[in-house]
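Listed below are the residues making up each chain.
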Amino acid sequence: MRKINVFDTTLRDGEQSAGVNLNFQEKLEIAKQLERLGVDIIEAGFPASSQGDFASVKAIAQTIKSSSITGLSRSLERDIETTWEALKESAEPRIHVFIATSPIHMEYKLKMTPEQVIENAVAAVKKAKKTFPEVQWSAEDASRTELPFLARIIREVIDAGATVINLPDTVGYTTPYEIGQMFRYVTENVPNIDRAILSTHNHDDLGMAVANSLAAIQNGAGQVECTVNGIGERAGNASLEEIAVALNIRQDHYKADTGLTLKEIKRTSSLVSKLTGMVVPNNKAVVGANAFAHESGIHQDGVLKNKETYEIITPELVGVSSNRMVLGKHSGRHAFKEKLMELGFNGTDEQLQKTFVAFKDLADKKKDITEEDLFALMTEATVGAAVAHYELETLQVNYGTTNIPTATITMKLPTGETVQEAATGSGSVEAIYNTLERVIDEEVLLMDYRIQSTTAGRDSLAEVYVTVKYDGLESSGRGTAHDVLEASAKAYINAVNRTINRKQFNEQQRTNPLNV
Ligand code: KIV
Ligand code: ZN
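Residues numbered from 1 in each chain as written. Chains lettered and ligands numbered in written order. Predicted model: local features only at pLDDT ≥ 70, side-chain atom pairs only at ≥ 80, totals over all residues. Heavy atoms only, no water.

By the naming in an unreviewed UniProt entry, the chain goes by 2-isopropylmalate synthase and is assigned to Halalkalibacter okhensis. UniProt's Sequence similarities (unreviewed entry) comment on the chain is quoted here verbatim: "Belongs to the alpha-IPM synthase/homocitrate synthase family. LeuA type 1 subfamily." Quoted verbatim from the Cofactor (unreviewed entry) heading of the UniProt record, the comment on the chain is "Mn(2+)". (UniProt positions renumbered as here; feature names shortened; annotations may be inferred.)

In structure tokens:
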């Protein structure tokens, strides 16, 4: 069985998804979960791109011990130096340095000749090798690169010290057959290839990212780059859970495995979905809500007689529980804490207290508290809250089919002062948002609003995801509450608070730049 290294880029390429902006605490929480899942390498960000990325990569590098941490870097001396500053305290630091190698990228984007690109790539790898024990080099747009040129530049960067060679299908253009040919060509035509691990990184524009990753593995790739739920730029990246489960279920065919703790997959997927606001489609392979639902009579009958008639993956393999009731109204703090620990909670005492209060409040309204409920409360209390510039204190909505919906809100302002406002709207949510806009005193454009329930049942928690444009920046936000209107208000305030945080980071970067 070949061991395939998993390189997770949810926090870098995944975070490049439109509308996704994770804050520092959320990135750290995702990194801890990736470590629990057992990924070999976590690409924590692009340290030279912003002060915010630098700070979160540094914190992740200081915290995570069992996975290697890496950061993306252009082939620029100052990028490489900044990346080292962010990663030097990591247990196993590595850099991911890249340059484009396809004719179209070299001519139009880089405005460099192929010789200049080789020179630049070699210089970058040599510079990186002075500080980093592991240097990964990527040929951006490799799948549209001329193969003899690709083989030549790979040979030179390996001679310069690169230990991992990544060949991305940057634009999601290639096919499983072609990517297999590319990996085979490189294996057969780069004389020093035995001194490096080959890696594959695929985008999903034509819906072939996972198939391409598997074809690359069959043709020599020893590392696969992917994101949780397949999130990423445009149509996204190859999905981690699909690759890991395909290799596991079809070991007979691929004779390769990732060694991931597969029962952590569902939790990882839910965490990333909640924190990014990117909802997992019901029919998504492995982690979708319907992935294990047998609807037709013939299928149900078959499964009852023998599960294997229609079920090739068991829900238990990837940690899908039957969402059983775990706690109730009379559960005490001790049982509550134990359950949270079991679910991977490692927040502070203050966060534990906050979650316990929210749990008691929910238990008053909802009979059975499930793992999904606890997970939603926990996410909200530990990582969900942006630094609260604006805080909701009270909300009252007056709605009837024959009157004009009116909301009255009491809010704490960033100055510490408490104000009360009221406004009407054509519906309750609009009335709330019109009121909030008055308090916030600036136009807030609502770009997207989505609502879903945490569990089945009419007493479920509500989760609202919004995207707003405020003060020139687009930000997502989310809110969880027992009531949909309260969740709507919380999501909106969360998005505004997150925008203010980002503004503050940007301002900090302007006054104390990283020279990128
Ligand atoms: O898709 C791509 O080419 C990338 C590289 C920077 C590795 O993400
Ligand atoms: Zn990419």
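So, next bit.
## Topic: the environment of P414
Mapped onto the secondary structure, P414 falls in the loop between strand 14 (406-412) and strand 15 (418-424). Each C-alpha atom of the pair P414 and R74 lies 38 Å from the other, and the pair is 340 residues apart in sequence. What P414 contacts, discounting residues up to four positions off in sequence, is H389 and Y390. (Helix = DSSP H or I, 4+ residues; strand = E, 2+ residues; numbered from the N terminus. Contact = heavy atoms within 4.5 Å.)

## Considerations on the coordination of the zinc ion (ligand 2)
Within the protein, the zinc ion (ligand 2) binds to D13 (OD), H201 (NE2) and H203 (NE2); these donor distances fall in the range 2.0 to 2.1 Å. The sequence pattern formed by the donor residues of the zinc ion (ligand 2) is D-x187-H-x1-H. The exposure class of H203 is buried, given its relative accessible area of 5%. (Donors = N, O, S within 2.8 Å, 3.2 Å for Na, K, Ca; no water. Buried < 20%, exposed > 50% of the residue type's maximum accessible area, 1.4 Å probe, protein only.)

## Structural notes on the UniProt feature "domain: Pyruvate carboxyltransferase" (unreviewed entry) in the chain
Under the present numbering, the feature "domain: Pyruvate carboxyltransferase" (unreviewed entry) in UniProt falls on residues 4-266. In residues 4-266, helix accounts for 44% and strand for 19%; the two terminal C-alpha atoms are 21 Å from one another.

## Comments concerning the UniProt feature "binding site: Mn(2+)" (unreviewed entry) in the chain
Mapped onto this structure's residue numbering, the UniProt feature "binding site: Mn(2+)" (unreviewed entry) falls at D13, H201, H203 and N237. For this annotated set, covering 225 residues, all C-alpha atoms fall within 10.4 Å of each other, a compact arrangement in space. With respect to the helices, strands and loops of the structure, D13 is situated in the loop between strand 2 (5-8) and helix 1 (24-37). On the accessibility criterion, D13 (4% relative accessible area) is buried. With residues up to four places along the chain from it excluded, the contact list for D13 reads H201, H203, G232, E233 and N237. One can find H203 in the loop between strand 8 (197-202) and helix 8 (209-218). Within the local environment of H203, its side chain forms a polar contact with the side chain of D13, the two groups lying 3.1 Å apart. (Polar contact = N/O pair within 3.5 Å; in protein donor to acceptor, adjacent residues only side chain to side chain.)

## Structural notes on the packing of aromatic side chains
Inspection of the entire model under this criterion finds 6 aromatic pairs. Taken together, the aromatic side chains of F336, F356 and F359 make up a single cluster linked through ring pairs. (Phe/Tyr/Trp six-rings, centres within 6.5 Å; stacked < 30°, edge-to-face > 60°.)

## Section: the nonpolar core
Within the largest apolar cluster, 107 residues are counted, with the highest numbers of intra-cluster contacts made by W137, I154, I165, L167, I243, F359 and L374. Considering every element that reaches this core, the biggest residue donor is helix 6 (residues 147-160), with 8 residues. Each residue touching L167, except ones within four places of it in the same chain, is listed here: A139, A142, L150, I154, M182, F183, V186, L198, S199, T200 and H201. Judged by nonpolar contacts, the second largest core, of 26 residues, contains V439, V444, A487 and A495. (Core = buried A, V, L, I, M, F, W, Y, C linked by side-chain atoms within 4.5 Å.)

## Quick word on the site of ligand 1
Close contacts around ligand 1 come from R12, D13, H96, S138, E140, P168, T170, H201 and H203, and that covers them all. At 3.1 Å, a side-chain N or O of D13 approaches an oxygen atom of ligand 1. In this structure, an oxygen atom belonging to ligand 1 sits 3.1 Å away from a side-chain N or O atom of H201. Classifying every residue of the shell around ligand 1 gives 1 nonpolar, 5 polar and 3 charged. (Near = heavy atom within 4 Å. Nonpolar A, V, L, I, M, F, W, Y, C, P; charged D, E, K, R; others polar.)

## Overview of the sheet that holds strand 13 (residues 391-398)
Read across the open sheet, the 3 strands follow the order 13-14-15; overall the sheet is antiparallel. Strand pairing shows two members of the sheet lacking a second neighbour, strand 13 and strand 15, which therefore form its edges. With strand direction ignored, the average angle separating the axes of adjacent strands in the sheet is 15°. Packed on one face of the sheet, helix 16 (residues 428-440) meets strand 13, strand 14 and strand 15 and runs near 140° to strand 15. (Pairing = 2+ DSSP bridges. Axes fitted to C-alpha atoms, helices over the stretch in contact; angles between N-to-C directions.)

## Notes on the domain arrangement of the chain
With domains assigned, the chain is organised as domain 1 (2-276), domain 2 (290-319), domain 3 (333-384) and domain 4 (391-508). A straight line from the C-alpha centre of domain 1 to that of domain 4 covers 37 Å. Taken together, the 10 residues of domain 1 in the interface contact 10 residues of domain 4. Between domain 1 and domain 4, a total of about 880 Å² is buried, with carbon and sulfur atoms accounting for 39% of that surface. On the domain 1 side of the interface with domain 4, the three residues burying the most area are N21, Q51 and K274, jointly 54% of the side's total. Taken together, the connections running from domain 1 to domain 4 amount to 3 salt bridges. The shortest N-O distance in the salt bridge between E26 and R498 comes to 2.7 Å. (Domains from an automatic or database assignment. Buried area = accessible area lost by both parts, 1.4 Å probe. Salt bridge = Lys/Arg side-chain N within 4 Å of Asp/Glu carboxyl O.)

## So, the sheet that holds strand 3 (residues 41-45)
Each strand in a sheet pairs with its neighbour through backbone hydrogen bonds, running either in the same direction (parallel) or in the opposite one (antiparallel). As summarised here, the arrangement of the 8 strands in space is 2-3-4-5-6-7-8-9, forming a closed barrel in which the pairing is parallel. Recorded for the sheet is a direction-independent mean angle of 25° between the axes of neighbouring strands. Its contacts with the sheet place helix 3 (residues 77-87) against strand 4 (68-74) and strand 5 (93-100), and it is angled at close to 160° to strand 4. Against the sheet, helix 6 engages strand 6 (134-140) and strand 7 (164-169), with an angle of about 150° to strand 7.

## A short note on a negative patch on the surface
Together, D441, E442, E443 and D471 make up a negatively charged patch on the protein surface. Note on placement: E442 falls in the loop between helix 16 and strand 16 (444-453). Under the relative-accessibility criterion, E442 is labelled partly exposed at 37%. (Patch = residues over 30% accessible without salt bridge, like charges linked within 9 Å, V, L, I, M, F, W, Y side chains within 5 Å. Areas by Shrake-Rupley, 256 points an atom, 1.4 Å probe, with all protein chains shown as cover. Lys, Arg positive; Asp, Glu negative; His and termini not counted. Charge placed at Lys NZ, Arg CZ, Asp CG, Glu CD.)

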